Amino acid sequence: MLDATTRSGGTATATPPAIATELALPVPAPVGLTSRCTRVLLSPWSRLSLLVVLLAGAASTVLLFEPQRLLSDGWPPQLGGVAAAVVFGVAYGLCTVAFVPRPLLNLAAGALFGSQLGLASALAGTVLGAGIAFGLGRILGQDALRPLLRGRWLKAADGQLSRHGFRSMLAARLFPGVPFWVANYCAAVSRMGYVPFLVATALGSIPNTAAYVVAGARASAPTSPAFLIAMAAIALPGLAGAIVAWRKRHHLRRP
């Protein structure tokens, strides 16, 4: 059967279905400047750069404000009791993110608030600081740093934290030798879970934190049994860690 154009004697021809379908497809819009900038800003290396800038700024702020003056000047008189301990715990957590050594903060907690309240404030600050560092490392640094885990030691540490996260982090907190911030960011780059990390941090930090807090609380009586026991609790784990590291040195050198 002839189509309508042929019957009327015209010269037009019908458009093939395939060509009509192609003409009907939407043309993708060009990628705008906003989209390209968003992709660049959210790329792994941009996020890692932001993390470095944040940590550098935090460390610079700590150097300017000198939190170690708490040991000599004491806490501001406007705050006291539990409220002061809560504020100190928050400041403690932020200071650990900015690389302030925890032993210094633990001594300050004991000197300012005594053994019990100082220990509670220091442990709360420890968990808070670890959680903040873990979150920053996981969100801003993991995607950029995981492809760089090519060395033997780096792969071994990553595998240990990823497969046995809780007990590995518990051991890192119990025995000295691994800096607090290093453990935080290594765990963040690994595939360790958030909850096991926080629980292991809380449990593993109790002995060492308690020793420093008691030492700070009893620093005015350096010959008291409590102070001597606290110093022994600080020194013995360090000695044990050094002995274990010395005995394991051949395993670390083995290819």
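Right above here is the structure, for reference.
What you see is a predicted model, and the numbers here were worked out from it, not measured in a lab. (Residues numbered from 1 in each chain as written. Predicted model: local features only at pLDDT ≥ 70, side-chain atom pairs only at ≥ 80, totals over all residues. Heavy atoms only, no water.)

Caption draft 1: Looking closely at the overall build of the protein chain. Helix and strand counts for the protein chain stand at 14 helices and zero strands. Secondary structure of the protein chain in N-to-C order comes out as α-α-α-α-α-α-α-α-α-α-α-α-α-α. Taking contacts inside the protein chain between residues at least 6 apart in sequence as the whole, the part at least 24 apart equals 75%. (Helix = DSSP H or I, 4+ residues; strand = E, 2+ residues; numbered from the N terminus. Contact = heavy atoms within 4.5 Å.)

Caption draft 2: Just the packing of aromatic side chains, in detail. On inspection of all chains with the given rule, the structure shows five aromatic pairs. With a centroid separation of 6.2 Å and an interplanar angle of 65 degrees, the aromatic rings of Phe88 and Tyr92 are classed as edge-to-face. With Phe88 and Tyr92 both in helix α6 (residues 81–97) and four residues apart, the pair spans about one turn of that helix. For Phe88, a relative accessible area of 2% corresponds to the buried category. An angle of 65 degrees between the planes, with centres 5.2 Å apart, marks the rings of Phe134 and Tyr194 as edge-to-face. A residue pair is termed long-range when its members are at least 10 positions apart, and Phe134 in helix α7 (residues 102–145) and Tyr194 in helix α11 (residues 194–204) qualify at 60 residues. Given the relative accessible area of 39%, Tyr194 is considered partly exposed. Aromatic rings pair up to connect Phe88, Tyr92 and Phe113 into one cluster. (Phe/Tyr/Trp six-rings, centres within 6.5 Å; stacked < 30°, edge-to-face > 60°. Buried < 20%, exposed > 50% of the residue type's maximum accessible area, 1.4 Å probe, protein only.)

Caption draft 3: Structural context of the environment of Ser190. Of note, Ser190 is situated in the loop between α10 (180–189) and α11. For Ser190, a relative accessible area of 0% corresponds to the buried category. Considering only alpha carbons, one finds Ser190 and Leu161, 29 residues apart in sequence, at a separation of 6.3 Å.

Caption draft 4: Structural view of the environment of Ser115. Here Ser115 lies in helix α7. Taking the relative accessible area as the measure of exposure, Ser115 reaches 27% and is therefore partly exposed. Through-space distance from the C-alpha of Ser115 to that of Ala210 is 7.8 Å; in sequence the pair is 95 residues apart. Here Ser115 is in contact with Val213, Val214 and Ala217, once residues within four sequence places are set aside.

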